[in-house]
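Read off the chains here:
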Amino acid sequence: MSSAEKKPSKVILWSTPRSLSSALTKCLSFVPKSVIWFEPYVSAMFYGSDAHVELPGSQTKDGRDIHTQTKQIIIPDGVGFDADKCSYKWCQEQLETDYPGKNIVFVQAKARAISTRFDAIPRGYKHSFLIRHPLKVFLSWKKAIHKVMKPGTALETFKLSTESKLPSGYFFKEMYDLYQHIIENYESNPIILDADDLLTNPGGVLKAYCNSMDIPYTDDLLHWDPSDDVIMTWKISRSLLKLQKVDDFTFYDKAFTSSEFLKPTKGPSREELTEDDLQCIDFCMPYYEKMYEKRLVC
């Protein structure tokens, strides 16, 4: 096969929320001739004919009316796609499309969003997983979701387990179940990255990941443009783009304006956490630890 006929590397990165996936996606957006799909299954989960999860903040008296605010936001013509057509079948068909002339097709996807629709996993992809310690995931999730669900109230009174719209497996069981499904049906040893490993040694971990996934790597990928201009080139639903411009919906702010991987911060001790926080963290630790043992080590 000539270089002109070479097919792009197709890669999916599965993760929980608050795991550094958006920053990694922005980083890899600067691989030449790349196609980036941002959370297509999240759009299918929230919008379109297969929607089965309510958008956080759109159905509570305490939360802001997210839908009303997004309708007032204008996205430039030609940017993104209409979320109303984003069914699971549509996502699968789009991801399985050929992309001649491209080096990579990279898909950022949440495990929770595909957890009830394994039939919609696209063919022809190499699968990878990004994990992060549950303590850091849930403290970050709590801060972000609290602004949407209970604006104006004290963070310490917010209950992760009952008020933050967690799925039944608290994100981590959904990801571990997907991991097992991938092993049993697609590939026996999908790559697992740990977020703190990536932050501690970005050059080594990113290079090893790219080599494992057939993604062209150079050290130029360790620093990138801090503006969010590249986001406008992604294949992302217009509805998700609008959400990022809503007051208090700050889920992607840091990632979209990032320019490098920063050193990891130390989390609080267990004594500083609430019983509710610990309930979520302790439920998820066994799933995290099983995947952590299999992670890519440099």
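Right, let's walk through the structure included here.

Cut-offs and rules
Residues numbered from 1 in each chain as written. Predicted model: local features only at pLDDT ≥ 70, side-chain atom pairs only at ≥ 80, totals over all residues. Heavy atoms only, no water. Buried < 20%, exposed > 50% of the residue type's maximum accessible area, 1.4 Å probe, protein only. Helix = DSSP H or I, 4+ residues; strand = E, 2+ residues; numbered from the N terminus. Pairing = 2+ DSSP bridges. Axes fitted to C-alpha atoms, helices over the stretch in contact; angles between N-to-C directions. Contact = heavy atoms within 4.5 Å. Phe/Tyr/Trp six-rings, centres within 6.5 Å; stacked < 30°, edge-to-face > 60°. Lys NZ or Arg CZ within 6 Å of the ring centre and 35° of its normal. Parallel < 35°, antiparallel > 145°, perpendicular 65-115°, else oblique. Left-handed = near helix turned anticlockwise from the far one by under 90°. Nonpolar A, V, L, I, M, F, W, Y, C, P; charged D, E, K, R; others polar.

### Details of the pairing of strand 1 (residues 9-15)
Looking along a regular strand, one sees the side chains alternate between the two faces of the sheet. For strand 1, the tally of buried residues reaches seven of seven residues, placing the bulk of the element in the interior. Burial along strand 1 is two-sided: the residues Ser9, Val11, Leu13 and Ser15 and Lys10, Ile12 and Trp14 are all buried. Two strands pair when backbone bridges link them, and strand 1 and strand 3 (residues 104-110) are joined in this way by seven bridges, in the parallel orientation. When the bridges of strand 3 are listed, valine 11 appears paired with phenylalanine 106.

### Quick word on the sheet that holds strand 1
The five strands are arranged 2-3-1-4-5 in an open sheet whose pairing can be described as parallel. The sheet is open, and its two borders are formed by strand 2 (34-38) and strand 5 (191-194), each paired with just one other strand. Taking each pair of neighbouring strands and ignoring which way they run, the sheet shows an average axis angle of 20°.

### Section: the environment of lysine 235
Position of lysine 235 among the secondary structure elements: in the loop between helix 10 (202-213) and helix 11 (238-243). Exposure remark for lysine 235: the relative accessible area of 32% places this residue in the partly exposed category. Spatially, the C-alpha atom of lysine 235 lies 19 Å from that of tryptophan 224, the residues being 11 residues apart in sequence. Setting aside residues no more than four positions away along its own chain, lysine 235 makes contact with Val35, Ile36, Trp37, Phe38, Phe81 and Tyr99.

### Re unusual backbone geometry
We note that lysine 33 has phi near 55°; this positive angle belongs to a residue other than glycine. A positive phi is found at lysine 165, a non-glycine position, where the angle reads about 60°. Structurally, lysine 165 is set in the loop between helix 7 (160-163) and helix 8 (172-185). Here lysine 165 falls in the partly exposed class, since its relative accessible area comes to 37%.

### Thoughts on the packing of aromatic side chains
All chains considered together, the criterion is met by 21 aromatic pairs. Ring centres of tryptophan 37 and phenylalanine 81 lie 5.7 Å apart, and the angle between their planes is 45°; on these two criteria the pair is classed as tilted. Of the two residues, tryptophan 37 sits in strand 2 while phenylalanine 81 sits in the loop between helix 3 (66-71) and helix 4 (88-95), which places them 44 residues apart along the sequence. Like tryptophan 37, the residue phenylalanine 81 is buried in the burial classification. Among the aromatic residues, ring-to-ring pairing joins Phe129, Tyr170, Tyr176, Tyr179, Phe283 and Tyr287 into one connected group. One cation-aromatic arrangement involves arginine 295 over tyrosine 292; the distance from NZ or CZ to the ring centre is 3.8 Å.

### Focus on the packing of helix 6 (residues 134-149) against helix 13 (residues 275-292)
When two helices pack together, you describe them by how their axes are tilted relative to each other and by the distance separating the axes. Between helix 6 and helix 13, whose axes approach to 9 Å, the crossing angle comes to 140°. One element, helix 6, and the other, helix 13, form an angle in the oblique class. Note that helix 6 runs across helix 13; the crossing there is right-handed. Of the residues in helix 13, those in contact with Pro134, Leu135, Phe138, Leu139 and Lys142 of helix 6 are Asp277, Cys280, Ile281, Cys284, Met285 and Tyr288. Tallied by class, the residues present in the contact of helix 6 with helix 13 amount to nine nonpolar, no polar and two charged.

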